[in-house]
Amino acid sequence: MKKSILYPKEWLAIHPYTAVRPSDAYYVTLANELLAACTLTELPEPFRRKLCLYVAAYVEDVVSGLGLWRCFTKEHTALYGKPLPFRKVSADWLSDEVNEEDVAFLIWNTWQKATFSHGFVSPLHPDIIRQAAAFLPLVERAYEEAPENEALAGFWDTFATKEEAERKLTWLFGHTYLTEPSMQPYIAHVAPHDRFIVPTGPLALFLHEWTDRLAADPSRWKEVEGLYTSEPEVPERVKEQNRRNYELFTAHTQGREVAYLPDYEALRGFLTGVLQWPDDDNHTLPQFRAHRNFVLLVNREKGILLAKDVAACIADPDNPLYRPEEARRKAFRLLTEEMLCPPDLLHRCIANGWLPDASLSGEADSWVQENADFIARHTLLYYYRGD
């Protein structure tokens, strides 16, 4: 069988330049050594190749001070009190060196985001653990001897022209080793101006959040038009209607901001009777006749949102429709299925611990409960962090 080889052009494809740099030869060699040690047969070859390029680029990042990996672990720590999801890091884990836990995460991230048909991959899959252990000696040796890529030093601190800023942001959005996996299904469909409102990477950070954390002085990036998006202005009449809906809703529910309705007739009755909406097809949502288990969530500023077919999964003490048996089968989908659960409702469910049955195996998976917000960010991206 012909030996599989990674080529410099594949390495350059995940870099912000097109001309070979002096350090590139070392990292291409490292990527090929990783490829020779890669035994993840569950991953089709194109993704095994990507994985080995990503791990080599991770080493380059740590050695050269690019800052992507440090940004990710610092932000994860700020959000969740630990540098990485799923696994507790060992006592000798260091933020500015290479670590086996880091490599295991990169393997999982690549596999989970790979664009071939597969379900949710357990981050504790034994093949991931074994592969990380096999990669570790190569990664540790490279950390000690790999050259710095001088083109990446201080890379995020400034830019000379608008065109340079554009190139850097384009690379950051969907072509680095840490952001490319999440953007693979979407990159061809995202218009240039939409990159500023679509989150990217394992933590679903918006580009301005990345630059705020990567640049020594992020004020330079404020010169990029559109990078820091502002909230759209809501017309006063809409604000007033939202406030009225909130008052009517919470007056009926004794102050609660969530209501659970078993079927369409109950939904229609709530809309017309409680909220006093007109009883016509423009206001009573007849397109939802075939659905059940509705959840209504009200917000004084945003108004009302509606979710269908999910109330049985939500263990709110005030939810009479909660069904543990059904929740064990379906609750995990709320964390991973786009548009099944509106972001504001999902945020509330996670924050309040209302998805205790969410499980990949059907049994109690403590790693799911401990990492529910991260799973939603990582999987749903805009559908969790968008408005």
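The structure presented is a predicted model; accordingly, all values stated were derived computationally and were not measured. (Residues numbered from 1 in each chain as written. Predicted model: local features only at pLDDT ≥ 70, side-chain atom pairs only at ≥ 80, totals over all residues. Heavy atoms only, no water.)

Considering the packing of helix α4 (residues 68-80) against helix α9 (residues 207-214)
Viewed as axis vectors pointing N to C, α4 and α9 meet at an angle of 105°, and their least axial separation amounts to 10 Å. By the angle between their directions, the pair α4 and α9 is classed as roughly perpendicular. Contacts between α4 and α9 involve L68, C71 and E75 on the former and, on the latter, W210, R213 and L214. Looking at the contact of α4 with α9, its residues break down into four nonpolar, no polar and two charged. (Axes fitted to C-alpha atoms, helices over the stretch in contact; angles between N-to-C directions. Helix = DSSP H or I, 4+ residues; strand = E, 2+ residues; numbered from the N terminus. Parallel < 35°, antiparallel > 145°, perpendicular 65-115°, else oblique. Contact = heavy atoms within 4.5 Å. Nonpolar A, V, L, I, M, F, W, Y, C, P; charged D, E, K, R; others polar.)

Some thoughts on the packing of aromatic side chains
Throughout the structure, instances matching the rule amount to 23 aromatic pairs. For the ring pair F120 and W367, a centre distance of 6.3 Å and an interplane angle of 15° mean the geometry is stacked. You can see F120 sitting in the loop between α5 (100-113) and α6 (126-145) and its partner W367 sitting in helix α14 (residues 366-370), a full 247 residues away along the chain. On the basis of relative accessible area, W367 is assigned to the buried category, the value being 8%. An aromatic cluster of three or more residues is present, and its members are Y58, W69, F72, F86, F105, W108, F120, F332, W367 and F374. It is R220 that lies over the ring of F159; its NZ or CZ is 4.1 Å from the centre. (Phe/Tyr/Trp six-rings, centres within 6.5 Å; stacked < 30°, edge-to-face > 60°. Buried < 20%, exposed > 50% of the residue type's maximum accessible area, 1.4 Å probe, protein only. Lys NZ or Arg CZ within 6 Å of the ring centre and 35° of its normal.)

Notes on the nonpolar core
Across soluble globular proteins, nonpolar side chains show a tendency to be buried alongside one another. Grouped together as the largest cluster of nonpolar side chains are 109 residues, with contacts concentrated most on Y58, L335 and L346. With 12 residues, the top contributor of residues to this core is helix α3 (residues 45-64). (Core = buried A, V, L, I, M, F, W, Y, C linked by side-chain atoms within 4.5 Å.)

Section: the side chain of R377
Looking at the element boundaries, R377 is found in helix α15 (residues 372-380). Among residues more than four places away in sequence, those in contact with R377 are L79, Y80, P202, L203, A204, L205, Y384 and R385.

Some remarks on the environment of N282
As for its position among the elements, N282 is in the loop between α11 (264-274) and β2 (292-299). It is 49 Å that separates the C-alpha atoms of N282 and P83, two residues lying 199 residues apart in sequence.

Topic: the sheet that holds strand β3 (residues 303-307)
The strand order β1-β2-β3 describes an open sheet built from three strands, whose pairing is antiparallel. Strands with a single pairing partner mark the edges of an open sheet, and in this sheet they are β1 (258-263) and β3. Averaged over neighbouring strand pairs, the angle between their axes works out to 20° when direction is ignored. For β2 and β3, the ladder comprises five bridges, and the chain directions are antiparallel. Looking at β3, one finds that L297 is bridged to L305. Strands β1, β2 and β3 of the sheet are contacted by α11, whose axis makes an angle of about 135° with β1. (Pairing = 2+ DSSP bridges.)

Observations concerning helix α12 (residues 324-336)
Taking 1.5 Å per residue as the helical rise, α12 with its 13 residues ought to reach 18 Å, and the 19 Å between its terminal C-alpha atoms agrees with that figure. Along α12, the sharpest kink reaches roughly 45°, centred on K330. The set of residues buried in α12 consists of E326, A327, A331, F332, L334 and L335. Its buried side turned inward, α12 meets β2, α13 (343-352), α14 and α15. (Expected span 1.5 Å × (residues − 1). Bend = angle between axes of the 7 residues up to and from the residue.)

By themselves, these figures tell us nothing about what the structure is for.
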